[in-house]
Amino acid sequence: MHPDVIREAPGRCPKCGMDLVSQGAKTIQPKDQGLGPITWKSYLPLAIIIGVILLVAFVVAFRNYGLSDLFLARFITYFMAGFFLTFSSFKLIDLKGFAAGYSTYDLLAQKFFVYGYLYPFIELFFGLAMIANYPAPWLLWAEIVVMFFSGLGVLIKLAKHEEFQCVCLGTFLKVPLTKVTLVEDFGMAILAVLLLFI
């Protein structure tokens, strides 16, 4: 996918996590178009997805609670549920590709590759649990730990100025998500903290 990635020995691409393919004396990856020049249009799919989740969360919270004291808590709860369900679905479409890409930057997936296979199911569970009932403190603490830890791997990569292709929207939707992913992971952790105090 990234022909610019060249290594002396077999391994994984640091950008997308795919296995490098040997071609003669060099080990490179197959040719790919990549993301191309990044403009505001590159982020349009992500903006539409987040916008729809926000709209649905608002409508459901307003329909059920109006502008009462419970509105804000329920709005955040529905938004987080929609976020977890949507983003886990994108990852589950290509679970193997997600696990490979995730292992290039997540701290736990780098040590235990199988965690990349488990992570989408963790997000799916979070989403379903948020819908099932008002989020219990143990659930919110679990979300805080998982999302903060996930964001930590992204933060370290960015601090080292290492290039990588984030796979938070799976592998088939090519959206530049490096710094956005940092906001997403830490943002979800912050929303979980807010729910603990509302």
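Source: prediction; values computed, not measured. (Residues numbered from 1 in each chain as written. Predicted model: local features only at pLDDT ≥ 70, side-chain atom pairs only at ≥ 80, totals over all residues. Heavy atoms only, no water.)

### Brief notes about the packing of aromatic side chains
Under the convention used in this document: Each pair of aromatic rings taken from Phe, Tyr and Trp, with Trp reduced to its six-membered ring, is defined by centres within 6.5 Å and is described as stacked if the planes are under 30 degrees apart, edge-to-face if over 60, and tilted in the remaining cases. For the purposes of this entry, the term helix denotes a DSSP run of H or I that reaches at least four residues, the term strand denotes a run of E that reaches at least two, and both are numbered from the N terminus. Between buried and exposed lies partly exposed: a residue is buried under 20% and exposed over 50% of the maximum accessible area for its type, with that area taken using a 1.4 Å probe on protein chains only.
If you walk through the whole model with that rule in mind, you get 18 aromatic pairs. A ring pair is formed by Phe71 and Phe75, whose centres lie 6.0 Å apart and whose planes are at 10 degrees; its orientation type is stacked. In this pair, Phe71 and Phe75 both sit in helix α2 (residues 70-93), 4 residues apart, roughly one turn of the helix. For Phe71, a relative accessible area of 13% translates into the label buried. Among the residues examined, Phe75 registers a relative accessible area of 19% and is labelled buried. Aromatic rings pair up to connect Phe79, Phe83, Phe84, Phe87, Phe125, Phe126 and Trp138 into one cluster.

### What about a nonpolar patch on the surface?
In plain terms, the rule: Patch membership requires over 30% relative accessible area and the absence of a salt bridge. Like charges are linked within 9 Å, and nonpolar side chains (Val, Leu, Ile, Met, Phe, Trp, Tyr) within 5 Å. The protein chains shown are the only cover counted for residues, whose accessible areas, like all others here, come from Shrake-Rupley with a 1.4 Å probe. The working definition used for a salt bridge is a side-chain nitrogen of Lys or Arg within 4 Å of a carboxyl oxygen of Asp or Glu.
The grouping of Leu55, Phe58, Val59, Phe62 and Leu67 at the surface amounts to a nonpolar patch, some 530 Å² of accessible area in total. With respect to the helices and strands, Phe62 occurs in helix α1 (residues 44-65). By relative accessible area, which is 41% here, Phe62 ends up partly exposed.

### Some words on the confidence of the model for the protein chain
Short version of the rule: pLDDT measures how confident the predictor is about each residue, on a scale from 0 to 100. Residue contacts follow a heavy-atom distance rule, with two residues in contact if any of their heavy atoms lie within 4.5 Å.
Averaged over all residues, the pLDDT of the protein chain equals 80, while 76% of them reach at least 70. Here strand β3 (residues 26-28) stands out as the element of the protein chain with the lowest mean pLDDT, 40, in contrast to helix α5 (residues 115-132), whose mean of 93 is the highest. Ignoring residues within four places in sequence, the model shows residues 25-34, a span with pLDDT below 50, making 34 contacts including any to other chains.

### Observations concerning the packing of α5 against helix α6 (residues 137-159)
As a reminder of what qualifies: For helices, the fitted axis covers only the stretch in contact; all axes are lines through C-alpha atoms, and the angles between them, taken along N-to-C directions, range from 0 to 180 degrees. Left-handed describes a crossing in which the near helix is turned anticlockwise from the far one by less than a right angle; the clockwise case is right-handed. For this classification, Asp, Glu, Lys and Arg are treated as charged, while Ala, Val, Leu, Ile, Met, Phe, Trp, Tyr, Cys and Pro are nonpolar and the rest, including Gly, are polar.
Running from N to C, α5 and α6 cross one another at 145 degrees; their axes reach a closest spacing of 11 Å. For the crossing formed where α5 meets α6, the hand is left-handed. Side by side, α5 and α6 meet where Tyr115, Tyr119, Ile122, Glu123, Phe125, Phe126, Ala129 and Met130 of the first sit next to Trp138, Leu139, Ala142, Glu143, Val146, Met147 and Ser150 of the second. Broken down by class, the residue content of the contact of α5 with α6 amounts to 12 nonpolar, 1 polar and 2 charged.

### Looking at the packing of helix α3 (residues 95-102) against α5
How two helices sit against one another is set out by the angle between their axes and by the gap between those axes. As a reminder of what qualifies: Oblique is the label for any angle not covered by the other classes, which are roughly parallel (under 35 degrees), roughly antiparallel (over 145) and roughly perpendicular (65 to 115).
Relative orientation of the contacting elements α3 and α5 amounts to 115 degrees, with a least axis distance of 8 Å. With respect to their mutual orientation, α3 and α5 come out roughly perpendicular. Classified by chirality, the crossing of α5 by α3 is right-handed. Contacts from Leu95, Lys96, Phe98, Ala99 and Tyr102 in α3 reach Tyr115, Gly116, Tyr117, Tyr119, Pro120 and Phe121 in α5. Each residue belonging to the contact of α3 with α5 can be placed in one class, and the counts come to 9 nonpolar, 1 polar and 1 charged.

### Things to note about the nonpolar core
Put simply, the rule is: For our purposes a nonpolar core is just a set of buried Ala, Val, Leu, Ile, Met, Phe, Trp, Tyr and Cys residues, chained together by side-chain atoms within 4.5 Å.
Counting residues in each nonpolar core, the largest one holds 38 residues, and the members touching the most others are Met80, Phe84, Tyr102, Tyr119, Met147, Met188 and Leu195. Among the secondary structure elements, those contributing two or more residues to this core are α1, α2, α3, α5, α6 and α7 (178-197). Ranked by residues supplied to this core, first place goes to α2 with 12 residues. Not counting the four nearest positions on each side in its chain, Phe84 is found in contact with Glu123, Phe126, Gly127, Glu143, Met147 and Met188.

### Considerations on the side chain of Asp185
Which entries qualify depends on this criterion: Counting of polar contacts relies on pairs of N or O atoms within 3.5 Å, with two restrictions inside protein: one atom must be capable of donating a hydrogen and the other of accepting it, and residues adjacent in sequence are counted only when both atoms are side-chain atoms.
Inspection of the secondary structure assignment puts Asp185 in helix α7. For Asp185, the side chain forms a polar contact with the side chain of Ser150, separated by 3.3 Å. When near neighbours in sequence (up to four residues on either side) are disregarded, Asp185 contacts Met147, Ser150, Gly151 and Val154.

### Description of α5
Put simply, the rule is: Take the residue count of a helix, subtract one, and multiply by 1.5 Å to get its expected span.
For α5, spanning 18 residues, the distance from its first C-alpha to its last is 25 Å, which sits close to the expected 26 Å at 1.5 Å a residue. Here α5 has its buried residues at Tyr115, Gly116, Tyr119, Pro120, Glu123, Phe126, Gly127, Ala129 and Met130.

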